[in-house]
Amino acid sequence: MRCRRKPSWRCSRLNDALLVDRAPRSLYVHIPFCASKCFYCDFNSYVAGDAVRSAYVDDLTVELRLLRDAYFGAGERPCLDTVFFGGGTPTLLSSSQWRRVAQTIHELFDTASDCEWTAEANPGTVDPALLDTLLAIGVNRLSFGAQSLNETLLQTIGRLHGADDVARSIELAAAKGFTRINADLMLGLPDQTVQDVSDSLRGVLETGVTHVSAYGLKVEDGTPFARWQEAGLLRLPDEDAEVAMYETARDILASHGCAQYEISNFALPGQEARHNLGYWRNLPYLAAGAGAHGYVRASRYQNERSLTSYGQRVRRGERPVTEVQSVATGAAMEDTMMLGLRLQEGVSYAHFRALHGVDMRDVFGNVLDRLSRQGVLLQGVNEVRVPPAYFEVANEIFSAFIGVCS
Ligand SMILES: C[S@@+](CC[C@H](N)C(=O)[O-])C[C@H]1O[C@@H](n2cnc3c(N)ncnc32)[C@H](O)[C@@H]1O
Ligand code: SF4
């Protein structure tokens, strides 16, 4: 299928005012350290001692400057609306390492007065002194990887913490003054039952979290889980059981007042993750750190994953980028649809036009009409969206947009 108005959106890329070409206002910072590797995880993280972490922080501060200088004029202080420290386990950094990173960000960037600063944290890795440091440097949102409150399951998936650590860490953070706290939960774990999901969810909600992410387990290549699956040693719930877990989670969260604003994300009113909303709205963002990827000026870039190569390149005064992929206008428009339809709010015609300078219906009219006829897409006056009942088959819906323009 072809886009109806290819020539007009080709020209639009030349227009600097398009949202997709504007200066990024979000920064992702990757902290690639964990106390041990969970059996399912393929995020770029390493088990390393304090000397390695300290050298990495040195390199990171250099990279942040190279990154700012690459996209902005000398002395320019671009303004950030969100900063996200992800991992790995950012809370393995010491207070002084945190202060160095934050000081560098403040030297290089302005931050909006309501800037959202999120740090991922592992249960059992926060103490009062570290939480005081995080508050002092401006972190105002924490995201804990709880995964489950079932002790056996936590061990099965290779977590170092117990269920008590989840409640203790979240309650400690709340007592220190953090009002925006997320807990990640995982669904579809080995031998997990719907009852486990329900108990874990009720347990984390009791701690007062304001946001929950519920992720279905993905068996990633190269992980112990992938090896065990291949050897027939991983007993995973079947698809129906996983759907039942997802629906149970949805019901409990809804009755708790947490709206499903994205396929895997639920929040009390006003507690949505603004940084992640930027990804789903296909807005540009800067990213620093080993293995981080960013999206700036119509290009996606990926940093060196290995700490050694990352450090060597940064210390030579080079950006540690391994791959830059320019995103053609058509591909960017497809991304806007596939990312935005993950959101309950969908994709508004106004947002699409602000991003790309053309009307969504001129580009994707045929696909939108076909999906609407199938009942899996709602075309409203202001936006198109997927009814939440179809979130479970969202990937099939998204696939209808692939290759339409690229
Ligand atoms: C970047 S990870 C790190 C968070 C933090 N290090 C932790 O584990 O507590 C963010 C979340 O992704 C989810 N996750 C990681 N690997 C996954 C996988 N293979 N399948 C589904 N969810 C996964 C987990 O819920 C995890 O908390
Ligand atoms: S899930 Fe979190 S703690 Fe576990 S290995 Fe991945 S990043 Fe590290």
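Our structure is the block above this text.
Residues numbered from 1 in each chain as written. Chains lettered and ligands numbered in written order. Predicted model: local features only at pLDDT ≥ 70, side-chain atom pairs only at ≥ 80, totals over all residues. Heavy atoms only, no water.

A short note on the pairing of strand E4 (residues 141–147)
Among the seven residues in E4, seven count as buried, and that is most of the element. Burial along E4 is two-sided: the face carrying Arg141, Ser143, Gly145 and Gln147 and the face carrying Leu142, Phe144 and Ala146 are both buried. Looking at chain direction, strand E3 (residues 110–121) and E4 are connected through four bridges and run parallel. Looking across to E4, one finds that Ala119 is bridged to Leu142. One ladder, built from five bridges, connects E4 with strand E5 (residues 181–187); its direction is parallel. Bridge pairing links Phe144 to Ala183 in E5. (Buried < 20%, exposed > 50% of the residue type's maximum accessible area, 1.4 Å probe, protein only. Helix = DSSP H or I, 4+ residues; strand = E, 2+ residues; numbered from the N terminus. Pairing = 2+ DSSP bridges.)

A short note on the site of ligand 2
In the vicinity of ligand 2, the residues found are Cys34, Ser36, Lys37, Cys38, Tyr40, Cys41, Gly88, Thr89, Asn122 and Arg159. The class makeup of the residues in the shell around ligand 2 is four nonpolar, four polar and two charged. (Near = heavy atom within 4 Å. Nonpolar A, V, L, I, M, F, W, Y, C, P; charged D, E, K, R; others polar.)

Topic: the nonpolar core
Formed by 98 residues in total, the largest nonpolar core has its most connected members in Leu27, Ile105, Met337 and Phe364. Excluding residues within four positions of it along the chain, Leu27 makes contact with Leu64, Leu67, Leu80, Thr82, Val83, Phe84, Ile105, Phe109, His275, Leu286 and Ala287. Counting ten residues, the second-largest nonpolar core is a separate cluster that includes Tyr40, Cys41, Leu153 and Leu189. (Core = buried A, V, L, I, M, F, W, Y, C linked by side-chain atoms within 4.5 Å. Contact = heavy atoms within 4.5 Å.)

What about the packing of aromatic side chains?
Taken as a whole and judged by the stated rule, the model has 13 aromatic pairs. Taking 5.3 Å as the distance between ring centres and 90 degrees as the angle between the ring planes, the aromatic pair formed by Phe33 and Tyr56 counts as edge-to-face. Residue Phe33 is found in the loop between strand E1 (26–31) and helix H2 (50–71), and its partner Tyr56 is found in helix H2; the two are separated by 23 residues along the sequence. Comparing Phe33 with Tyr56 shows no difference in burial state: the two are buried. (Phe/Tyr/Trp six-rings, centres within 6.5 Å; stacked < 30°, edge-to-face > 60°.)

Details of the site of ligand 1
In the neighbourhood of ligand 1, 18 residues make up the surrounding shell, with Gly88, Gln147, Arg159, Asp184 and Lys218 lying closest. Contacts to ligand 1 include Asn122, whose side-chain N or O atom sits 2.9 Å from a nitrogen atom. Asp184 is positioned with one of its side-chain polar atoms (N or O) 2.6 Å from an oxygen atom of ligand 1. Bound to the protein, ligand 1 loses 91% of the 560 Å² it would expose on its own. Of all the secondary structure elements, the ones that give two or more residues to the shell around ligand 1 are E3, E4, E5 and strand E6 (211–216). In the shell around ligand 1, the residues fall into six nonpolar, seven polar and five charged. (Polar contact = N/O pair within 3.5 Å; in protein donor to acceptor, adjacent residues only side chain to side chain. Areas by Shrake-Rupley, 256 points an atom, 1.4 Å probe, with all protein chains shown as cover.)

Examining the sheet that holds strand E2 (residues 79–87)
A sheet is described by the order of its strands in space; here nine strands give the open sequence E7-E8-E6-E5-E4-E3-E2-E1-E9, paired in mixed fashion. Only two strands of the sheet have a single neighbouring strand rather than two, namely strand E7 (259–262) and strand E9 (286–288). Recorded for the sheet is a direction-independent mean angle of 20 degrees between the axes of neighbouring strands. The sheet contacts of helix H9 (residues 239–255) involve E5, E6, E7 and strand E8 (265–267), and relative to E5 the element is tilted by about 155 degrees. (Axes fitted to C-alpha atoms, helices over the stretch in contact; angles between N-to-C directions.)

Considerations on the packing of helix H12 (residues 329–340) against helix H14 (residues 360–373)
In the contact formed by H12 and H14, the axes pass within 12 Å of each other and the chain directions differ by 60 degrees. Between H12 and H14, the angle falls in the class oblique. You can see that H12 and H14 cross each other, and the crossing is right-handed. Counting all contacts with H12, which are made through Met333, Glu334 and Met337, the residues of H14 involved are Met360, Val363, Phe364 and Leu368. Residues belonging to the contact of H12 with H14 are distributed by class as follows: six nonpolar, no polar and one charged. (Parallel < 35°, antiparallel > 145°, perpendicular 65-115°, else oblique. Left-handed = near helix turned anticlockwise from the far one by under 90°.)

Some thoughts on the environment of His106
Mapped onto the secondary structure, His106 falls in helix H3 (residues 95–108). Owing to a relative accessible area of 36%, His106 belongs among the partly exposed residues under this scheme. For the pair His106 and Ile137, spaced 31 residues apart in the sequence, the C-alpha separation amounts to 9.5 Å. Residue contacts for His106: discarding those within four places in its chain leaves Arg77, Thr111, Trp117 and Ile137.

Let's talk about the packing of helix H4 (residues 128–137) against helix H6 (residues 163–176)
Look at H4 against H6: their axes get within 10 Å of each other, and the N-to-C directions meet at 50 degrees. Between H4 and H6, the angle is such that the two are oblique. Viewed along their axes, H4 and H6 form a crossing whose handedness is right-handed. Contact with H4, carried on its side by Pro128, Leu131, Asp132 and Leu135, involves Leu172, Ala173 and Lys176 of H6 and no other residues of that element. For the contact of H4 with H6, the per-class residue count stands at five nonpolar, no polar and two charged.

Some details on the side chain of His211
Examined against the element boundaries, His211 turns out to sit in strand E6. Other than its neighbours up to four places away in sequence, His211 contacts Arg141, Ile181, Asn182, Ala183, Tyr261, Asn265, Phe266, Ala267, Gln271, Glu272 and Ala273.

Concerning the sheet that holds strand E13 (residues 347–348)
With antiparallel pairing, the three strands of this open sheet are ordered in space as E13-E15-E14. The sheet terminates laterally at E13 and strand E14 (378–379), the two strands that pair on one side only. Taken together, the two bridges between E14 and strand E15 (residues 383–385) define a ladder with antiparallel strand orientation. Bridge assignment links Gln379 to a residue of E15, and that residue is Val384.

Here's the deal with H12
Over its twelve residues, H12 extends 16 Å from the first C-alpha to the last, a length consistent with the 16 Å expected when each residue adds 1.5 Å. Among the twelve residues that make up H12, nine are buried, leaving the element largely enclosed by the rest of the structure. When we look at burial in H12, the residues that qualify are Thr329, Gly330, Ala332, Met333, Glu334, Thr336, Met337, Met338 and Gly340. (Expected span 1.5 Å × (residues − 1).)

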